[in-house]
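A closer look at the structure
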4 protein chains.
Amino acid sequence: MNLSAVLRISCPDKPGIVAAVATWVAAVGGNIVHAEQHTDIADAMFFQRVEFTHTGVDSVDALSAGFAPLAAHWEMAFTLDALPWKPRTAILCSKQLHCAADLLSRTTYGDLGLDLVALISNHDDAAPLATSFAMPFHHVAVGDKADARATQESQIGELLQSLDLDLVILARYMLVLPSEIVAPWTGRMINIHHSFLPAFIGANPYRQAHDRGVKVIGATAHYVSDVLDEGPIVAQDVAHISHRDDVAELTRQGRDLETVVLARAVRAHVEHRVLVFGNRTVVFG
Amino acid sequence: MNLSAVLRISCPDKPGIVAAVATWVAAVGGNIVHAEQHTDIADAMFFQRVEFTHTGVDSVDALSAGFAPLAAHWEMAFTLDALPWKPRTAILCSKQLHCAADLLSRTTYGDLGLDLVALISNHDDAAPLATSFAMPFHHVAVGDKADARATQESQIGELLQSLDLDLVILARYMLVLPSEIVAPWTGRMINIHHSFLPAFIGANPYRQAHDRGVKVIGATAHYVSDVLDEGPIVAQDVAHISHRDDVAELTRQGRDLETVVLARAVRAHVEHRVLVFGNRTVVFG
Amino acid sequence: MNLSAVLRISCPDKPGIVAAVATWVAAVGGNIVHAEQHTDIADAMFFQRVEFTHTGVDSVDALSAGFAPLAAHWEMAFTLDALPWKPRTAILCSKQLHCAADLLSRTTYGDLGLDLVALISNHDDAAPLATSFAMPFHHVAVGDKADARATQESQIGELLQSLDLDLVILARYMLVLPSEIVAPWTGRMINIHHSFLPAFIGANPYRQAHDRGVKVIGATAHYVSDVLDEGPIVAQDVAHISHRDDVAELTRQGRDLETVVLARAVRAHVEHRVLVFGNRTVVFG
Amino acid sequence: MNLSAVLRISCPDKPGIVAAVATWVAAVGGNIVHAEQHTDIADAMFFQRVEFTHTGVDSVDALSAGFAPLAAHWEMAFTLDALPWKPRTAILCSKQLHCAADLLSRTTYGDLGLDLVALISNHDDAAPLATSFAMPFHHVAVGDKADARATQESQIGELLQSLDLDLVILARYMLVLPSEIVAPWTGRMINIHHSFLPAFIGANPYRQAHDRGVKVIGATAHYVSDVLDEGPIVAQDVAHISHRDDVAELTRQGRDLETVVLARAVRAHVEHRVLVFGNRTVVFG
């Protein structure tokens, strides 16, 4: 039986790495289906994604263990994962449901391979959406007490931990999560921001875009870091607008961008195409 | 109370039309919110869309009747419709459900103002989707008999007639409808074709695109006419591809295009932004 | 003989403006070829561009004088200009010549209707380019003395004044001009900035873009105001990039963007399509 | 001294190729800077571009000779070329000069590494352009005699042969060249077609696009084959248009597309990024 695996590597650039990796893949009986490498000359770093089929005699864990000495020799950071991958995923949303609805719809009627296990919101507007797609719904409201926000945040944090997740998607979740909630999910929590970052950081980006009079709006999907809107960018796209478009119209047009850009980033993550390097990403094609 | 109406005009171009129309709107107590005109110099034709608010003393029908003498004087074809408009709409689909799911999702969780009354398919794959959105589902299968296809077509035709529809959307409905079924819906039936028409007319356009080695794929939403893939185009968009994308990947990437382009065309239609002239459209901004 | 003129209007929004303007055009024997209006509902402002042909019995100045009472009645700011317009134009550049070369090439071999009268630079690299296109070249270098920069700036200012210009184009001119030089050219000086403003204001935007790890770069053409990179935006466009593109490659790809975006903005200006309102623009289609 | 070389490979897909190639590069003292591979699974073909630096002890010809046994073993077609490459290039044009002017301008004031040796036209309109850039101009007119066209074609063919060229660029050359003129330049003659091929093959594509009422226009750069507009596509791009754009405006907007798409294709060719496979291309990033 033929199985697929993805090896992702980052290490200091040296001659011979490509040959060493390709030789190893051949030695374990693998056949390279796709391979893409990138050398960041300014930083003297080498990055590679190698997708190969193998006989499955060795599990992905065993293959990883087998690769480890080579990785040590070349000072590589690496991951070796199976394909396809169906990560256990929770979606967080607030009142705007287009991104959450799209992810649910793509998973159910399309081809986005998520194992969706929870829809979580600070509002109960999403309950019918969860019902439509037979998805467990968690309403974690912000209460009235003085410490309501902090309480809600720790409830969210505990919920995420308890769900044993591989991936958290912030699908227009409009509350900023504090560092201690975000930290455990580094590289596993994807947010969609409704602007072409780094333009229009923070609240009301379509209002900001309108007031600045730009002719193009955008959306940005990024891994969440502890600085708001500053995490490594995975995908961006833009749309042309004009003076005719008021804030409501920008918001409406922006939804299509947000939906598509978020789905594109999630897909790249699920297919093990993304490598984070500092605050930037390598997204293999 | 302030109501909105949209006046769409096409007529031979002559000096004075804009003044005459604007004067009439003012005379009936209307205030022009948006107006856009287009003069096709080669054909000496004038087109205009005037969106105005009015007090509602006169109904849209009464306003139409009041405008008729002016229209006759200038040899205008015109329509005068209320805004917002929620057309009674049926969606036809086959096995690929992304466009149908998106239209249902936008109507329920977004802002596409359709009065959806039926999901119709030649396959039963769409039944769960209909259930999710509490939508009546009509499975009109092609049977086994010699005249099965003709029978199915007349069932579709009768079903559409019986539903008292304003709009029919072919959301990747993969059977060609014959002229006699299509004819009653001229200008009220929108199809999405999965290529950048007029390239790759007919079946398997992503296969055709792959084999020709193009670097860009597209999708086209058009009113259905009695010649396949030849009706007036309402919206088109494209995406860049590369040699890495096989037919399956083109198909997958194309889905996002099809979904967005179809929704854009439907929205333009619902907002009374489209005028058909010959086999072309004027789509006001 | 038929001549063309363009009337641009901005005023508080009131019912009846469109009728009044159209009636006036008809009264002076004009025939409206294109008209586009925009109502900014949030600001209750009305904007219109009316392009009309007329017999030329009255000059543009006489038509303006004739329109003035109407304008006063409706509290309009307006301009009335002839079409086509060939503005006396100077181009400023530094060491990067792609935008300047493109503007010269479009004017000579294409269809950009500029009356180019000077190429001005703080470096002498552009001298051969000026020679190729038989264009007077002004090298205004920054000298060695303590006040060298201030001296150079006032030389530039005086040169621009002395040339009796309609339009100044900063085609990758890399020195910031002080307020007193810029002020006389409000609405008549167009700059190209090599980023998608407001992202990456200031120096080395491609370096900034690379370091932030964005997936899209852009270029912005704007009227120059006294705050750097803050003037009203006329045109923007973007291109997709990837991790493979280092700063040099971003710079190279950006050149195509800058060239096309600047030419697009200049064309809109020359065709009297732009209205400035606060720090935003209305760019009629 | 470090030199750069590019190895391009196509062969039947088998396990071990990547390792074999990378091992060979390391063995000759090369360091891989970029490498990209593509496996066409449907055709079971493997394609690779490997860019490596080497010490220059061996010339590119010697490196090629050294690689030949490996190539034979794996049934590879391959080329091994030096970088940078400045191909001896002739540009053919007719009356529309924007593409030719752009290529000259990019070569002189930009960074397109061509060794331009001739501007050739069937009209004399391009003479001043050639003069501006100090380029030899060859006016090969179609005469009045019965066999005038055939005579002109063989003059063109002989001229191209006599110039000892590496590359021929048809920069809006509006006469169709017959097979016998084209055949010697297979894979070395690039044409820009002013439509999104395969839509609107043949004459007047902007007229065709207007009459069909499309909402997007395009341009296509392709290697010239003996069937008109059917050669392998190297680059394509598109622009959104609307009903407002008549044929003249499409033509004008199309010029920017044609210019940029042609330059992009020429650059890919000059950087040894293109592999032709059947009637398709692999264009490495």
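None of the values given here were measured: they were computed from a predicted structure. Chains are numbered independently. Their residues run from 1 in the order of the written sequence. Ligands are numbered from 1 and chains lettered from A, in the order in which they are written. Local features in a predicted model are, by the rule used here, given only for residues with pLDDT of at least 70; side-chain atom pairs are given and counted only at 80 or more, and totals for whole chains, interfaces and linings are based on all residues. To get the side-chain values, take all heavy atoms of the structure and skip hydrogens and water.

Looking now at the overall build of chain A. Per the convention used, a helix needs a DSSP run of H or I reaching at least four residues, while a strand needs a run of E reaching at least two, with both numbered from the N terminus. A tally of helices and strands in chain A yields eight helices and 13 strands. Using C-alpha atoms as the atom set, the radius of gyration is obtained and then compared with a globule rule of 2.2 Å times the number of residues to the power 0.38. Taking 285 residues into account, the globule formula puts the C-alpha radius of gyration at 19 Å, and chain A, at 21 Å, falls close to it. Its C-alpha atoms put chain A at 60 × 40 × 40 Å along the principal axes. Looking at the 285 residues of chain A, the share that counts as buried comes to 58%. Accessible area is worked out with a 1.4 Å probe on protein chains only. A residue is then buried under 20% of its type maximum, exposed over 50%, and partly exposed in between.

Residue and element names in this part refer to chain C. Convention adopted: a line fitted to C-alpha atoms gives each axis, helices being fitted over their contacting stretch, and angles between N-to-C directions are expressed from 0 to 180 degrees. With their axes 9 Å apart at the nearest point, helix 3 (residues 98-109) and helix 8 (residues 247-270) run at an angle of 45° to one another. With respect to their mutual orientation, helix 3 and helix 8 come out oblique. Handedness of the helix 3/helix 8 crossing: right-handed. Packed against helix 3, whose contacting residues are His98, Cys99, Asp102, Leu103 and Arg106, the element helix 8 presents Arg255, Glu258, Thr259, Val260, Leu262 and Ala263 at the interface. Taken together, the residues of the contact of helix 3 with helix 8 sort by class into five nonpolar, two polar and four charged. Orientation is classified from the angle alone, with under 35 degrees giving roughly parallel, over 145 giving roughly antiparallel, 65 to 115 giving roughly perpendicular, and any other angle giving oblique. For a crossing to be left-handed, the near helix must be turned anticlockwise from the far one by less than a right angle; the clockwise case is right-handed. Contacts were defined at the residue level, with two residues in contact if any of their heavy atoms lie within 4.5 Å. Charged means Asp, Glu, Lys or Arg here, nonpolar means Ala, Val, Leu, Ile, Met, Phe, Trp, Tyr, Cys or Pro, and polar covers whatever is left, Gly included.

We define the nonpolar core as a collection of buried residues of types Ala, Val, Leu, Ile, Met, Phe, Trp, Tyr and Cys that are connected through side-chain atoms lying within 4.5 Å of one another. Ranked by internal contacts, the top residues of the largest apolar core, which has 186 residues, are Leu119 of chain A, Leu119 of chain B, Leu119 of chain C together with Leu119 of chain D. Once residues lying within four places of it in the same chain are set aside, the contact partners of Leu119 of chain C are Ile91, Cys93, Ala100, Leu104, Ala126, Leu129, Ala130, Met135, Pro136, Phe137 and His138 of chain C. Residues Val25 and Ile32 of chain B together with Val18 and Ala22 of chain C belong to the second largest nonpolar core, which totals 49 residues.

It is common to give the size of an interface as the accessible area lost on bringing the parts into contact. Residue-level contacts link 32 residues of chain C with 32 residues of chain A. Of all residues in chain C, Arg212, Lys215 and His243 of chain C bury the most surface against chain A, accounting for 26% of the area lost on that side. Here a polar contact means two N or O atoms within 3.5 Å. Within protein one must be a hydrogen donor candidate and the other an acceptor candidate, and residues neighboring in sequence count only if both atoms are side-chain atoms. Linking chain C with chain A are 20 residue pairs in polar contact (both at pLDDT 80 or more), by the criterion used here. Of all the elements in the fold, those that place two or more residues in the side of chain C that touches chain A are strand 2 (31-40), helix 7 (205-212), strand 11 (233-240) and strand 13 (280-283) of chain C. Sort the elements by how many residues they give to the side of chain C that touches chain A and strand 11 of chain C lands first, with seven residues. Buried area: the sum, over both parts, of the accessible surface (1.4 Å probe) that disappears when the two are put together.

All names here are of chain D. The geometry of helix 1 (residues 17-27) relative to helix 2 (residues 60-73) is characterised by a closest axis approach of 11 Å and an angle of 150° between their N-to-C directions. It follows that helix 1 is roughly antiparallel to helix 2 by the angle criterion. Handedness of the helix 1/helix 2 crossing: right-handed. Residues Ala20, Val21 and Trp24 of helix 1 lie in contact with helix 2, whose contacting residues are Leu63, Gly66, Phe67 and Leu70. Each residue belonging to the contact of helix 1 with helix 2 can be placed in one class, and the counts come to six nonpolar, one polar and no charged.

Turning our eyes to something else, we now look at the domain arrangement of chain A. All names here are of chain A. Residue ranges assigned to the domains are those given by an automatic or database domain assignment. We note that the domain assignment places domain 1 (3-83) and domain 2 (88-283) within chain A. Relative to domain 2, the C-alpha centre of domain 1 lies at a distance of 31 Å. With 14 residues of domain 1 at the interface, the matching set in domain 2 holds nine residues. Between domain 1 and domain 2 lies a buried interface of about 940 Å² when both sides are counted; carbon and sulfur atoms form 61% of it. Contact with domain 2 buries area across many residues of domain 1, yet Arg8, Phe47 and Arg49 alone supply 51% of it, more than any other trio. We define a salt bridge as a contact between a side-chain nitrogen of Lys or Arg and a carboxyl oxygen of Asp or Glu at a distance within 4 Å. Across the contact surface, domain 1 and domain 2 share two salt bridges. In this structure, Asp43 and Arg280 form a salt bridge, with 3.2 Å as the shortest nitrogen-oxygen distance. For the pair domain 1 and domain 2, the number of links is five residue pairs in polar contact (both at pLDDT 80 or more). Here the element with the most residues in the side of domain 1 that touches domain 2 is strand 3 (residues 45-54); it accounts for five residues. In the side of domain 1 that touches domain 2, the residues fall into six nonpolar, two polar and six charged.

This next bit is on the relation of the copies chain A and chain D. When the copies are superposed, the least-squares fit draws on C-alpha atoms of residues that have pLDDT of at least 70 in both. Note on the copies: chain A fits chain D at an RMSD of 0.0 Å, the axial shift is 0.0 Å, and the rotation between them is 180°. Seen this way, the second copy is the image of the first under a two-fold rotation axis. Taken as a fraction of all interface residues of chain A, those also at the interface in chain D reach 94%, which identifies the copy contact as same-surface.

By convention, a stacked pair of Phe, Tyr or Trp rings (six-membered ring in the case of Trp) has centres within 6.5 Å and planes under 30 degrees apart, an edge-to-face pair has planes over 60 apart, and any other such pair is tilted. Here the structure, examined in full by the defined rule, presents 24 aromatic pairs over all chains. Taking 5.0 Å as the distance between ring centres and 65° as the angle between the ring planes, the aromatic pair formed by Phe67 of chain B and Phe78 of chain B counts as edge-to-face. Of this pair, Phe67 of chain B sits in helix 2 (residues 60-73) while Phe78 of chain B sits in strand 4 (residues 77-83), and the two are 11 residues apart along the sequence. Owing to a relative accessible area of 0%, Phe67 of chain B belongs among the buried residues under this scheme. Here the aromatic residues Trp24, Phe52, Phe67 and Phe78 of chain A are joined through ring pairs into a cluster of three or more.

Take the relation of the copies chain C and chain A next. For the pair of chain copies, the relating transformation is a rotation about an axis with a translation along it. You can overlay chain C on chain A at an RMSD of 0.0 Å; the transform is a turn of 180° with a shift of 0.0 Å along its axis. When you check the interface residues of chain C against chain A, 100% turn up at the interface there too, and the contact is symmetric in its surfaces.

At the interface, 17 residues of chain A touch 16 residues of chain D. Buried surface at the junction of chain A and chain D, both sides included, amounts to about 1,400 Å², of which 55% is carbon and sulfur. Here chain A and chain D share zero salt bridges between them. Joining chain A to chain D, the criterion identifies two residue pairs in polar contact (both at pLDDT 80 or more). A total of seven residues in the side of chain A that touches chain D trace back to one element, the largest contributor, which is strand 2 (residues 31-40) of chain A.

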